[in-house]
Amino acid sequence: MKIKKLSIVGLPMDLGQTRRGVDMGPSAIRYAGVVERLENLNLEIDDLGDIVVGRPKLIENPNSNLKNLELVAKMNTELAQKVDEIVKGGSFPLVLGGDHSIAIGTLAGISKHYKNLGVIWYDAHGDLNTEATSPSGNIHGMPLAVSLGLGHPDLTDILDYTPKVKPENVVIIGARSLDEGERELIKEKGIRVFTMHEIDRLGMTRVMEEAIDYLKGRTDGVHLSLDLDGLDPNDAPGVGTPVIGGISYRESHLAMEMLAESNMITSAEFVEVNPILDERNKTATVAVALMGSLFGEKLL
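What you see as residue numbers is a count from 1 along each chain, following the sequence as written. With pLDDT at 70 or above as the cut-off, local features in this predicted model cover only qualifying residues; side-chain atom pairs require 80 or more to be listed or tallied, and sums for whole chains, interfaces and linings still use all residues. Side-chain metrics rest on all non-hydrogen atoms present in the structure, leaving aside hydrogens and water.

**Structural notes on the packing of helix H3 (residues 69–88) against helix H4 (residues 103–111)**
Which entries qualify depends on this criterion: Between N-to-C directions, angles span 0 to 180 degrees; the directions come from axes that are lines fitted to C-alpha atoms, helices contributing only their stretch in contact. Strands here mean DSSP runs of E at least two residues long; helices mean DSSP runs of H or I at least four residues long; both are numbered from the N terminus. For any pair of crossing helices, the crossing counts as left-handed if the nearer helix is rotated counterclockwise from the farther one by less than a right angle, and right-handed if it is rotated clockwise. A contact between two residues is defined here by any heavy atoms of the two lying within 4.5 Å.
Relative to each other, H3 and H4 sit at 35°, their axes nearing to 7 Å. The handedness of the crossing between H3 and H4 is right-handed. Residues Asn76, Leu79, Ala80, Val83, Asp84 and Val87 of H3 touch H4, and the partners they reach there are Ala103, Ile104, Gly105, Thr106, Ala108, Gly109 and Ile110.

**Overview of the packing of aromatic side chains**
Cut-off, in case you're wondering: Side-chain rings of Phe, Tyr and Trp (the six-membered ring for Trp) are treated as a pair once their centres are within 6.5 Å; stacked means planes under 30 degrees apart, edge-to-face means over 60, and tilted covers the remaining angles. Residue exposure (1.4 Å probe, protein chains only): buried if accessible area is under 20% of the type maximum, exposed if over 50%, otherwise partly exposed. In this scheme, Lys NZ or Arg CZ marks a charge over a ring once it lies within 6 Å of the ring centre and within 35 degrees of the ring normal.
On inspection of all chains with the given rule, the structure shows 1 aromatic pair. Considering the side-chain rings of Phe92 and Phe295, the 5.2 Å spacing of their centres and the 85° angle between planes classify their relative orientation as edge-to-face. Linking Phe92 in strand S3 (residues 92–97) with Phe295 in the segment after helix H11 (282–294), this pair joins segments that are 203 residues apart in sequence. A residue is classified by how much of its surface remains accessible, and Phe295, at 11% relative accessible area, is buried. Just above the ring of Tyr161 sits the side chain of Lys164; from NZ or CZ to the centre is 4.5 Å. A cation sits over an aromatic face here: Arg192 above Tyr214, 5.1 Å from the ring centre.

**Examining helix H9 (residues 204–216)**
Given 3.6 residues per helical turn, the α-helix brings residues three or four places apart onto the same face. Test applied: For a helix, the expected span equals 1.5 Å multiplied by the number of residues minus one. It is the directions from the helix axis to the C-beta atoms that the arc portrays.
Between its first and last C-alpha atoms H9 spans 18 Å; for 13 residues at 1.5 Å apiece the expected length is 18 Å, and the two agree. Inspection of H9 places Met204, Val207, Met208, Ala211, Ile212, Tyr214 and Leu215 among the buried residues, and these make up the whole buried set. Buried residues of H9 fall within an arc of 160° about the axis and therefore sit on the same side. Next to the buried residues of H9 lie strand S4 (117–122), strand S5 (170–175), strand S6 (192–195), helix H8 (196–202), strand S7 (221–227) and helix H10 (249–262).

**Regarding the sheet that holds strand S1 (residues 5–11)**
Stated precisely, the cut-off is as follows: The pairing criterion is simple: DSSP has to find at least two bridges between the two strands.
Strand order in the open sheet formed by 8 strands is S2-S1-S3-S8-S7-S4-S5-S6, with parallel pairing between adjacent strands. The open sheet has two edge strands with one neighbour each: strand S2 (44–50) and S6. The average angle at which neighbouring strand axes cross in this sheet is 15°, direction not considered. In this structure, S4 lies alongside S7, joined through 6 bridges in parallel fashion.

That is the geometry; function is a separate question.
Written out as structure tokens, the structure is:
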């Protein structure tokens, strides 16, 4: 897909987990110059601003251990409607988070436009927990499971259809922290996962070649969901759930460059930038640099 028009929307939400500050992620990414960087690539950029979350009163649901379920469902529904409008308008949706629970809304808004949407989940975690398997009840550990149709109906049924994605159309890259229930689900559903073991052993070039080949024949569009904690904390310290031993800055650029060459990415989101935990906005700056590579920026 040759991208000409790109629409940016932020969801400054931190309700999917408990570490405050990730709601400032979209502002940090804009401060790091995302609009200017992408305009330099001769893209027509429409920055739609942020969906307003405000400071809602947190509601405890006695019937569920899912934290902030009603609010997360409400905000993701608003995001889904906005992303749906973007796709209908013929523009590439670029969503800025916010914690990774916002992927529930992004995928709900995108997937209805494809018969076989592929997903690249670039993340240290699988985000495949459900209410039954989650140790914490934090919904940011569940968005991929929700998108597969597994989880609370308030989340799985956003925009009145489920599932959003088929397990055979998902590739997880960079996993190095998986809960027991997630490991079982990966095996049960046959989800393609490239852990840090594969990245170390095969190299990022081979991993991306295999991921691209795997998705190219079976999908009619591919969404990139990039959690900055997929990178090593030395390169991206400003995240809520850092896991040492991650993907390097250079490996991540290579991955984005290879995705740009593939012309297969039809939507993207960058999530979990938390400037409160960061060093001089380093993580947001990394996110913007990776976006540059994803959208075709070259040194020469």
